[in-house]
Amino acid sequence: MKTFVDTLSEELIERYKLYLETFMVDLWSASGMIEFRVGFSLRNDHKLRSFTLTVGAEEAITDDQRRAVIEALFLEIEDQIDEAVASNLVELN
């Protein structure tokens, strides 16, 4: 799964390369939970934004289910980046 997470991270960085200064995602799995610890900063403000997304591991038994959960979490990460970029653009105007 690490390779899949790395691939999605690289794709996200490529899509937002004009805006992102830093991007990191760390995958944790413990106590029946899957956690993504995410952090990013924008080039315009250098402010680190961090958050954790958590899903019960029982939601993803097979590899295909795990990939689907990871893809859904990356959509949430993308939404967070979109919101930060939009907010930053509004502040600049």
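Caption draft 1: Seen up close, the sheet that holds strand β1 (residues 20-30). An order of β1-β2-β3 is seen for the 3 strands of this open sheet, with the pairing classed as antiparallel. The sheet is open, and its two edges are formed by β1 and β3 (48-56), each paired on a single side. Strand-to-strand, the axes of this sheet are offset by a mean angle of 15°, without reference to chain direction. Here 10 bridges tie β1 to strand β2 (residues 33-42), and the two strands are oriented antiparallel to one another. Counted as the bridge partner of leucine 27 is phenylalanine 36 from β2. Seen against the sheet, helix α1 (residues 2-15) touches β1 and β2 and runs at an angle of roughly 160° to β1.

Caption draft 2: Examining α1 more closely. For α1, built from 14 residues, the straight-helix expectation of 20 Å at 1.5 Å per residue is met to within 8% by its first-to-last C-alpha distance of 20 Å. Buried within α1 are the following residues: Phe4, Val5, Leu8, Ser9 and Leu12. End-on, the buried residues of α1 take up no more than an arc of 135°, which puts them together on one face. In α1, those exposed residues whose orientation departs by more than 90 degrees from the buried face are Lys2, Thr3 and Glu10.

Caption draft 3: Seen up close, a nonpolar patch on the surface. On the surface, Leu18, Tyr19 and Leu89 cluster together into a nonpolar patch covering about 310 Å² of accessible area. Topologically, tyrosine 19 is positioned in the loop between α1 and β1. Overall, the relative accessible area of 34% leaves tyrosine 19 in the partly exposed class.

Caption draft 4: Layout of unusual backbone geometry. Phi angles above zero are rare outside glycine, and histidine 46 is one such case at about 60°. Mapped onto the fold, histidine 46 is located in the loop between β2 and β3. Overall, the relative accessible area of 52% leaves histidine 46 in the exposed class.

Procedures and definitions
- Residues numbered from 1 in each chain as written.
- Predicted model: local features only at pLDDT ≥ 70, side-chain atom pairs only at ≥ 80, totals over all residues.
- Heavy atoms only, no water.
- Pairing = 2+ DSSP bridges.
- Helix = DSSP H or I, 4+ residues; strand = E, 2+ residues; numbered from the N terminus.
- Axes fitted to C-alpha atoms, helices over the stretch in contact; angles between N-to-C directions.
- Contact = heavy atoms within 4.5 Å.
- Expected span 1.5 Å × (residues − 1).
- Buried < 20%, exposed > 50% of the residue type's maximum accessible area, 1.4 Å probe, protein only.
- Arc of directions from axis to C-beta.
- Patch = residues over 30% accessible without salt bridge, like charges linked within 9 Å, V, L, I, M, F, W, Y side chains within 5 Å.
- Areas by Shrake-Rupley, 256 points an atom, 1.4 Å probe, with all protein chains shown as cover.
- Salt bridge = Lys/Arg side-chain N within 4 Å of Asp/Glu carboxyl O.

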